[in-house]
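Coordinate analysis (summary)
Below, each chain spelled out in residue letters.
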Amino acid sequence: MEAVESQLMQKMARIFDEARTSYATHNRKLKELAAIRSKVASIHQFSAAFAKTLTPLFQVQRRTASAERVVRFVSVFTGIRGPENISACEVFLEDFLRFLLVGAGAANKTARFRCCQIISEIILRLPDDTEVSNELWDDVIECLRLRVGDKVPLIRTFAVRGLSRFLNDSENMDVLDLLLEVLPLEQNAEVRKAIVLSLPPSNSTSQAIIDATLDVSEYVRKAAYCVLANKFPLQSLSIKLRTIILQRGLVDRCVAVSNECLKLMKDQWLTKSCNGDPVELLKYLDVETYESVGESVMVALLSSGSVKLHECGSIQQYISSACDQNGGSSTLSTLSIQLMEPEVALYWRTLCRHLQMKAQEKGSDAAATMGTEAAVYAAEASDNNDLLEQILPATVSDYVSLVKAHIDAGPNYRFASRQLLLIGSMLDFSDVTIRKVASSFVQDLLQMPLEHEIDENGNNIIIGDGINLGGDKDWAGAVSVLVRKVHAAAGEFEEILLGVVEELAKPCRERTADFMQWIHSLAITGLLLEGAKSLRWIQGKATDSAEILHTLLLPAAKHVHLDVQRIAIRCLGLFGLLENKPSEELVKQLRLSVTKGPPPISIMACKALIDLGMWHGPQEVDKAMGKDLLSQFEKDNLEYSPVNFSDADGDLDVKLLDLLFSGLEDNDWNESSESHDNESVRAILAEGFAKFLLLSEKYPSISASCHPVLLAKLITIYFSDESKELQRLKQCLSVFFEHYASLSMNHKECVSRAFLHVMRSMWPGINGNPGGSPAVVSKMRKRAVQASKFMLQMIQAPLYIKETEVENEAHNSDLPETIDNCMQYSLECGEEGLAIRIATEVGSFHAKKTPAERAYVSALCKILGSLHFQSSDQEAIKLMRRLLSSVIESVSAEKDLLKELKWMAERLSSADTHPDQTLLQDQANSIFGRLGVDFKLDVESTPPAVPETPAARSTRQTRSRRPMKHEETSSDEEDSPATVQFAAATTPGIAMTRSQRASKTAALSRMTSSRAVEIDEEEEEEEGSEVTSDGSDESEQLSE
């Protein structure tokens, strides 16, 4: 028997050696191996010989080409079934799979990797009609389920590939649930990609695949769009999911991902599901709700040439039948106009805009070039203009009739009407007669009554936001664009709107107008103030700026109706931006609305005051009050007392920043400050102060002493529970913090000064902060520690290069975007100043501390141990050595922390280049003064922290490690150590020798009695393998 088995193994080894050289030999070698299998007396004997011959493959870690050829050869052969011996083939399949299942659970990671790889290849290549026992399949599935949690990423990848064949079976829903559970937790991108590619199309998997379009890896995102294209028809996805897919994919930062999304949209959705009709595709996207997505889709299709421009028709086709009804008359009736669907209107608007931009682009190129090239560009621009002219309505009268018909059709055609208004900006209104027709139409648009409903009590309810014309910002913008296009002459836009305001404001001045008339007149006023470039265009008219302010805006701000107040406050803010200097009445009204108004009014007034402060400067807004105002920010301290908003008269003698900052501090003011946009007073103020801090160099009137106070408050808000509900605020602050510390040294100093203020305000149980249950206290402490690490990262972040520095060094093309991290920072801006501040904070506590104080000091010392000093500042190093001695005494009970501080003492001692020189008291006081720290340190009585003398090294000779096995390598891949060398193996089974594990066990047993050298398991395995260090990516994954 042994002789027969040996002969079989020799034949198989020869076949494997030839199969690993080229894929071209596989068909012939498969037939030879199948012939050998058909001639053996016992199929089990053949299976055993096959497994033993294949044993060297399980020792190869690198995925070389020769090894991969053998894996493919073995996988294909396992699934082959001859017509004459089907039962023998199935027995061999089961024997080999059971052999691989044993190896898949081996301790050696290389063996597990090869077994899982072969199992997955066999499963994916196996014919559907193959007979395999249910027990074996259950064992295979269970084995692969376990390998999904393997520590080696490559093994997890092949386990997922193997399980993908079973995901369509309803009996294996637990496998699908496992992959859906693992996907968001998986750290390796290749494994996530394999999971996404294996997921079947279903309602339970669609969301997981769409979530993968936000993956950090571009390969996973691309795989997600590939799966969506091949497995999910357009009709199977909801409108929201369709828009999410396109919204993310078309703007992806990776070109390969955006191209994959474009391919999905063009080849699958547009061509197969919509028969190449872009309007039909837009109908699947609900463009009325997701207008931006529909516009992005049209832009992508037009840019890629997927829309046939010369076969798209014309807008004139919707009004061409009117002449027949009127016996050839050119007068059009609204009944003769065919109304457009929303998708059609968006299609025409984006198409016309695309042609106009292309014509302008080519015209600019023609102007910038000469000769034949300029003639070509000019011809292309002319073609685009001609095509645009064919698509647009033939006359302005036709256009006006078309828009009026859609407006008169009611709210269902409001979206189409707005798209047509935007198309009007592409028409030519240079002719006087044409402009007269368009001007009359514009007047009708501006004087059109507001849409409203009547509730059950007979009250009028305005439809829309109650701020913009038509109740919609987009509608107001479209009207404004058309008005400015029709009345393009200087001052004509303001004159037309002033005339409308004068007519609408008559009932308001006479105090006979209802709230709807007030809102209408204020909406037109807001449109005027938004579009006006200066108040000088309003001066000298029938209704000048002063009359608008005193007869319309200020009375409206005191109106009893909240919607009137809100839009009036908005107009006051716009009016103040146009003034050379803000007027006293305007500023007083805004301040009063901030302090005394209800939440919606306070939010709008805060926005207006912040805009005025940023445009004119806070000092100009304060001067407008006409009297001396107080400010706590002018004091050089970090303590601030909020302003009392309960003052009866509401006339607070405080400066603008003090007034606004009190809104951040006053929690009672923010309890019910939610608005319809999910905004709050605190969120608006935090965003405004972030802008002030980011542009602090432009506002020298703001005292530098208030910057740390403002920054500390913003950091506290960012890490509070409130910011989780306000996503806009969270995003705004995250962008602010990312750039703030890297803009200038002063910003870094501000972060350093705010560090302890933030820690004191967030740490429970100190500084008057409330505590709570142990769980609550633990959560608050973790949040404070997280904030401390966040601020440390801001201090350590490199500075941006300024534009002036780039210009001075323009000859250097390899300049980085940020200054090198090793740049010398001043004491106030760097880690040295922060370390001294923390050390003085720790030293300010008494010997007997409360549990909260001990935890606080411990957290500060952990941050302190991670800070580093520059050797150039010797005075700071000497001072820190003395401060560190008291710090070490305060945490002497915590061994781990004490060890870190002693390491820091060693670093400081080695950095002290002149240890014989002593630190003078005046030098210490000077450093404290520079840092703004009030701390009394007696230099003479405080010795420097001296690191412990290290213990003498043991003279005992340690046992040398086993040397690495070296073999000669060749540049040829086939002769490398990782190449499979198949021979007749004499040891049965695939189990690896356990000498390495025995060595480790012996070493561990010796370590219990003496201090021997620790032997790492991963190093032992690498020493016993023949894998070179320069492996492929798969080898790196396998070694994790």
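See above for the structure.
Description of the structure in this document. Note that the structure is a prediction, hence the values are computed from the model and not measured.

Another point: the overall build of the protein chain. Of the regular secondary structure elements, the protein chain holds 47 helices and 2 strands. Burial statistics for the protein chain: of 1040 residues in total, 50% are counted as buried. A separation of at least 24 residues holds for 72% of the contacts in the protein chain among residues at least 6 apart in sequence. Here the protein chain displays about 50,900 Å² of accessible surface, and carbon together with sulfur accounts for 49% of that area.

Inspection of the secondary structure puts Thr243 in helix 13 (residues 239–249). Once the C-alpha coordinates of Thr243 and Tyr290 are considered, the two residues, 47 residues apart in sequence, prove to be 7.3 Å apart. In this structure the side chain of Thr243 is engaged in a polar contact, spanning 2.7 Å, whose partner is the backbone oxygen of Lys240.

Here the focus is the packing of helix 28 (residues 562–578) against helix 29 (residues 584–596). Relative orientation of the contacting elements helix 28 and helix 29 amounts to 140 degrees, with a least axis distance of 10 Å. Taken together, the axes of helix 28 and helix 29 are oblique relative to one another. For the element pair helix 28 and helix 29, the recorded crossing hand is left-handed. Between helix 28 and helix 29, the residues in contact are Ile569, Leu572, Phe575 and Gly576 and Leu586, Gln589, Leu590 and Ser593, respectively.

What follows concerns unusual backbone geometry. Despite not being glycine, Asp286 shows a phi value in the positive range, around 50 degrees. Looking at the secondary structure, you find Asp286 in the loop between helix 15 (278–283) and helix 16 (291–303). Backbone geometry places Asn767, a non-glycine residue, at a positive phi of 55 degrees. Checked against the element boundaries, Asn767 lands in the loop between helix 37 (745–762) and helix 38 (774–796).

Before going further, it helps to spend a moment on the nonpolar core. One broad trend across soluble globular proteins is that nonpolar side chains are buried collectively. Within the largest apolar cluster, 308 residues are counted, with the highest numbers of intra-cluster contacts made by Phe50, Trp348 and Leu446. Here the element with the most residues in this core is helix 26 (residues 515–531); it accounts for 10 residues. If sequence neighbours within four positions are ignored, Trp348 has contacts with Cys312, Gly313, Ser314, Ile315, Gln317, Tyr318, Met340, Ile391 and Ile423.

With that out of the way, let us pick up the side chain of Thr525. Mapped onto the secondary structure, Thr525 falls in helix 26. Polar contacts involving the side chain of Thr525 include one to the main-chain carbonyl oxygen of Ser521, which spans 2.8 Å. Those residues in contact with Thr525 that lie beyond four places of it in its chain are Val501, Ile548, Leu552 and Leu553.

All right, on to a negative patch on the surface then. Among the surface-exposed residues, Glu135, Asp138, Asp169 and Glu171 lie close enough to one another that they form a single negatively charged patch. Secondary-structure assignment places Glu171 in the loop between helix 8 (153–163) and helix 9 (173–182).

It is worth spelling out a nonpolar patch on the surface at this point. On the surface, a nonpolar cluster with roughly 190 Å² of combined accessible area is contributed by Leu694, Leu695 and Leu743. Within the element layout of this structure, Leu694 appears in helix 33 (residues 681–694). The class for Leu694 is partly exposed, based on a relative accessible area of 31%.

About the thresholds
Residues numbered from 1 in each chain as written. Predicted model: local features only at pLDDT ≥ 70, side-chain atom pairs only at ≥ 80, totals over all residues. Heavy atoms only, no water. Helix = DSSP H or I, 4+ residues; strand = E, 2+ residues; numbered from the N terminus. Buried < 20%, exposed > 50% of the residue type's maximum accessible area, 1.4 Å probe, protein only. Contact = heavy atoms within 4.5 Å. Areas by Shrake-Rupley, 256 points an atom, 1.4 Å probe, with all protein chains shown as cover. Polar contact = N/O pair within 3.5 Å; in protein donor to acceptor, adjacent residues only side chain to side chain. Axes fitted to C-alpha atoms, helices over the stretch in contact; angles between N-to-C directions. Parallel < 35°, antiparallel > 145°, perpendicular 65-115°, else oblique. Left-handed = near helix turned anticlockwise from the far one by under 90°. Core = buried A, V, L, I, M, F, W, Y, C linked by side-chain atoms within 4.5 Å. Patch = residues over 30% accessible without salt bridge, like charges linked within 9 Å, V, L, I, M, F, W, Y side chains within 5 Å. Salt bridge = Lys/Arg side-chain N within 4 Å of Asp/Glu carboxyl O. Lys, Arg positive; Asp, Glu negative; His and termini not counted. Charge placed at Lys NZ, Arg CZ, Asp CG, Glu CD.

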